[in-house]
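Understanding the architecture of this molecule
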Amino acid sequence: MAKSHTNDAQALIRSLRSAYAATPTNLKIIDLYVVYAIATAVMQVVYMGIVGSFPFNSFLSGVLSCVGTAVLAVCLRIQVNKENKEFKDLPPERAFADFVLCNLVLHLVIMNFLG
């Protein structure tokens, strides 16, 4: 019984790896950026758990900045993806401009929250 589960898991991993190999490079770069932003948020949470959260506004600002940036990057990935028919009329330059403008607004709010 356990052998079939490991075979299924290995087959799933192989199929995901082969499907991801066909992903365009610009989408892979955005994926790396999302992973980096989430990893930074996780490191901040671990640091807060170990050291403490004395300036709690700073902790919240850092984590929300990382998570917000990751969410905006996922939105960019959705808009830039050629296979997504919903945004086929949207040029990639416009999607990137939206990403930059939303990041600017996000970080202005984060800086205001810091006090």
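Here is a short report on the structure shown in this document. Everything numeric here is computed off the predicted structure, so don't read it as measured data.

A closer look at the packing of helix H2 (residues 25-51) against helix H3 (residues 56-80)
Two quantities define a packed helix pair, namely the angle between the axes and the distance from one axis to the other. Running from N to C, H2 and H3 cross one another at 165°; their axes reach a closest spacing of 9 Å. The angle between H2 and H3 places the two elements in the roughly antiparallel class. For the pair H2 and H3, the sense of crossing is left-handed. Looking at the contact of H2 with H3 residue by residue, the classes come out as 18 nonpolar, five polar and two charged.

Concerning the nonpolar core
With 13 residues, the main nonpolar core has Ala73, Leu76, Val80 and Phe99 as its most contacted residues. Taken together, the elements giving at least two residues each to this core come down to H2, H3 and helix H4 (92-114). If you tally residues by element for this core, the top one is H3, at five residues.

Let's talk about the environment of Glu86
Within the secondary structure, Glu86 sits in the loop between H3 and H4. You can call Glu86 exposed: its relative accessible area is 64%.

Some remarks on the packing of aromatic side chains
Under the criterion given, the structure shown has three aromatic pairs. Judged by centre distance (5.7 Å) and plane angle (40°), the rings of Phe56 and Phe59 are tilted. Taken as a pair, Phe56 and Phe59 lie in helix H3 at a separation of three residues, close to a single helical turn. Owing to a relative accessible area of 17%, Phe59 belongs among the buried residues under this scheme. Note on Phe96 and Phe99: the rings are 6.1 Å apart at their centroids and 35° apart in plane angle, and the pair reads as tilted. You can see Phe96 and its partner Phe99 sitting in helix H4, three residues apart, about one turn around the helix.

Basis of the calculations
Residues numbered from 1 in each chain as written. Predicted model: local features only at pLDDT ≥ 70, side-chain atom pairs only at ≥ 80, totals over all residues. Heavy atoms only, no water. Axes fitted to C-alpha atoms, helices over the stretch in contact; angles between N-to-C directions. Helix = DSSP H or I, 4+ residues; strand = E, 2+ residues; numbered from the N terminus. Parallel < 35°, antiparallel > 145°, perpendicular 65-115°, else oblique. Left-handed = near helix turned anticlockwise from the far one by under 90°. Nonpolar A, V, L, I, M, F, W, Y, C, P; charged D, E, K, R; others polar. Core = buried A, V, L, I, M, F, W, Y, C linked by side-chain atoms within 4.5 Å. Buried < 20%, exposed > 50% of the residue type's maximum accessible area, 1.4 Å probe, protein only. Phe/Tyr/Trp six-rings, centres within 6.5 Å; stacked < 30°, edge-to-face > 60°.

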